[in-house]
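# Examining the three-dimensional arrangement
Listed here are the chains, written in short residue letters.
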Amino acid sequence: MIEYRQVTKVFGSGDTAVKAVDDLSFTIERGDFWSLMGPSGAGKSTVLHLIAGLTSPTSGAVLVEGRDVARMSGKEAAELRRRRVGYVLQAFNLLPFLTAEENVGMPLVLDGVPQREIDRRVPAALELVKMTHRAKHHPTTLSGGEQQRVAIARALVIDPAIVLADEPTGNLDRANGRAVMDLLVDLNERLSVTILLVTHDPVFAAMAKRVLHLVDGSLEQTTASDGDGDALTTSGRRR
Amino acid sequence: MRHSHGVHQAVLGVVSRNPEGIHGYAVRLQGERLLGHFWRLNFGEIYRILDRLAADGLIEQIAGGESVRKVYRITPRGQRSLDDYVLSPQTDAPRPLRQELAVKLLFASSEHLPELLRLVARQRDAYLQELHTLGAERRKMHRAPFDAFVTHLMIDGAELAARAEIAWLGEVATRLRERYGAGATGNATA
Ligand SMILES: Nc1ncnc2c1ncn2[C@@H]1O[C@H](COP(=O)(O)OP(=O)(O)OP(=O)(O)O)[C@@H](O)[C@H]1O
Ligand SMILES: [Mg+2]
């Protein structure tokens, strides 16, 4: 589903070069739920950006559904972002002059989806995050937790196979953070959406099926606590 | 709950909630419902505790049961003992400092940085595993048809403790890397 093949990403050059991702390899299977932890600057966001095709690797390859993201045409890459990958950020990035439902429908509008279809899918996405009652509200009149739920609905409206979530609970209090996490767990369990979550919060990280630790752009090598039954696996390599 | 001070009182408390009497099997079921993950008593332990509570006169067997099982109810003395316990100050001591890891850090040499980091990571992973279990427990309790108020509080407490340990272990790893890692300068001896 998502495959990293010896991926290195260097920003800048010469003295100011920064190796954000360092010879990273892993494979996330369909329906998996991984979380990514690590110190600030470890390269977590870059790992997500490379999957969404927002930046390309210096060497190695990132494959999504078997296809090399960096080798996609501009049109294909845009399609990947608009139809397959839902992205949730810490800053909700809602457009202030649009209502909740208009924000949620935006990816579909950009993708040229017919209005009939939009009118069908937007309410369903709002329902999923329990925000139906706020459909006509503007972002500034919503609480942080509500804004994040709208942002998640916007990521889900495209019916994504993959959800990339970069500190989605970072700006929320515990109760709202937990609600967002419950939603992600539910998406994964009920709809088999593949999820990669970046978080600093160990309680939330541990809700995934597997926790990866990134240090200086590579996976920290730890012991493999064997993944039988309900056990959480935390090593970089699969069994 | 295993081996903790409150085990006998927990069993006594479950018996007290059943004025019409309760047998050992039901004590276990009710205990699990009330305390979930934190109630870890097997049948053998429960029967031993019930025998002990009966010997101390805190509970009594109800006579003439048609069942072969022993059915217990709380005595006035048991109720007084339970009330006293509920209102008495906590005896839980604060956790000791993490002596084991501290000793290892003191006496390991700097060439062993990778091994030390693995040690720290393994301990962190154990807490992450605990958090994973607690999270599953919380979701299970959420769907439970009964009031799991205390269990939720217990899970909150256990999560906060694990979170603190993980934060500290992260700090240890970062400082070890700074001090002994490839980029570190200067004194390698503690
Ligand atoms: N566009 C960019 N240009 C130059 N350097 C960059 C760029 N994006 C990221 N970096 C550098 O790459 C490294 C990894 O950044 P990244 O944002 O992936 O870290 P992170 O693990 O997400 O950190 P945080 O937890 O603080 O969000 C950092 O040193 C950062 O300064
Ligand atoms: Mg980041």
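What counts, and at which threshold
- Residues numbered from 1 in each chain as written.
- Chains lettered and ligands numbered in written order.
- Predicted model: local features only at pLDDT ≥ 70, side-chain atom pairs only at ≥ 80, totals over all residues.
- Heavy atoms only, no water.
- Pairing = 2+ DSSP bridges.
- Helix = DSSP H or I, 4+ residues; strand = E, 2+ residues; numbered from the N terminus.
- Polar contact = N/O pair within 3.5 Å; in protein donor to acceptor, adjacent residues only side chain to side chain.
- Contact = heavy atoms within 4.5 Å.
- Patch = residues over 30% accessible without salt bridge, like charges linked within 9 Å, V, L, I, M, F, W, Y side chains within 5 Å.
- Areas by Shrake-Rupley, 256 points an atom, 1.4 Å probe, with all protein chains shown as cover.
- Salt bridge = Lys/Arg side-chain N within 4 Å of Asp/Glu carboxyl O.
- Near = heavy atom within 4 Å.
- 1 Å grid on protein atoms, 1.4 Å probe; cavity = no way out; pocket = protein on both sides within 12 Å on 5 of 7 lines; lining within 4 Å.
- Points joined across faces, edges and corners; volume = space filled by probe spheres on them.
- Nonpolar A, V, L, I, M, F, W, Y, C, P; charged D, E, K, R; others polar.
- Domains from an automatic or database assignment.
- Buried area = accessible area lost by both parts, 1.4 Å probe.

### Considerations on the sheet that holds strand β3 (residues 71-74) of chain B
Residues and elements named next belong to chain B. Spatial ordering of the open sheet is given by β1-β3-β2, a layout of three strands whose pairing is antiparallel. Bordering the open sheet on either side are β1 (22-23) and β2 (59-61), each of which pairs with just one other strand. Bridge count for β1 against β3 is two bridges, and the pairing is antiparallel. Its bridge partner lying in β3, isoleucine 22 is registered against tyrosine 72.

### Describing the side chain of Arg149(A)
All names here are of chain A. Along the polypeptide, arginine 149 turns up in helix α5 (residues 144-156). In terms of polar contacts, arginine 149 uses its side chain to reach the backbone carbonyl oxygen of valine 129, at 3.1 Å. Once residues lying within four places of it in the same chain are set aside, the contact partners of arginine 149 are Val129, Lys130, Met131 and Asn176.

### Brief notes about a nonpolar patch on the surface
Taken together, the side chains of Phe149(B), Val150(B), Leu153(B) and Met154(B) present a nonpolar region at the surface, about 360 Å² in accessible area. When you line up the elements, Met154(B) lands in helix α7 (residues 149-180).

### As for the site of ligand 1
Residue and element names in this part refer to chain A. Around ligand 1 there are 13 residues in total, and Ser40, Gly41, Lys44, Ser45 and Thr46 lie nearest to it. Glycine 41 places a polar main-chain atom, nitrogen or oxygen, 2.8 Å from an oxygen atom of ligand 1. Residue serine 45 places a side-chain N or O atom 2.8 Å away from an oxygen atom belonging to ligand 1. Within the complex, 58% of the 640 Å² of free accessible area of ligand 1 lies under protein. For the shell around ligand 1, the secondary-structure elements that each account for two or more residues are β2 (18-28) and α1 (44-52). At three residues, α1 tops the list of elements feeding residues into the shell around ligand 1.

### So, empty space enclosed by the protein
Residues and elements named next belong to chain A. Per the counting criterion, the structure on display carries one cavity of 30 Å³ or more. By volume, the largest cavity is sized at about 30 Å³. In terms of lining residues, the largest cavity is bounded by Leu128, Leu183, Asp186, Leu187 and Arg190. Within the lining of the largest cavity, the residues separate by chemical class into three nonpolar, no polar and two charged.

### Re the domain arrangement of chain B
Residues and elements named next belong to chain B. In terms of domain boundaries, chain B breaks down into domain 1 (5-87) and domain 2 (100-180). Computed from C-alpha atoms alone, the centre-to-centre distance between domain 1 and domain 2 is 34 Å. Each side of the interface is counted separately: domain 1 has six residues, and domain 2 has ten residues. Summing both partners gives a buried area of about 710 Å² for domain 1 against domain 2, and 72% of it is carried by carbon and sulfur. The interface formed by domain 1 and domain 2 includes zero salt bridges. If you look at where domain 1 meets domain 2, you find zero residue pairs in polar contact (both at pLDDT 80 or more). Classifying every residue of the side of domain 1 that touches domain 2 gives three nonpolar, two polar and one charged.

### Brief notes about the sheet that holds strand β1 (residues 2-11) of chain A
All names here are of chain A. In space, the four strands of this open sheet follow the order β2-β1-β4-β5, with antiparallel pairing throughout. Of all the strands in the sheet, just β2 and β5 (67-68) have a single pairing partner and so form its edges. The sheet contact formed by β1 and strand β4 (residues 59-64) spans five bridges and is antiparallel. Opposite arginine 5, over in β4, you have alanine 61 as the bridge partner.

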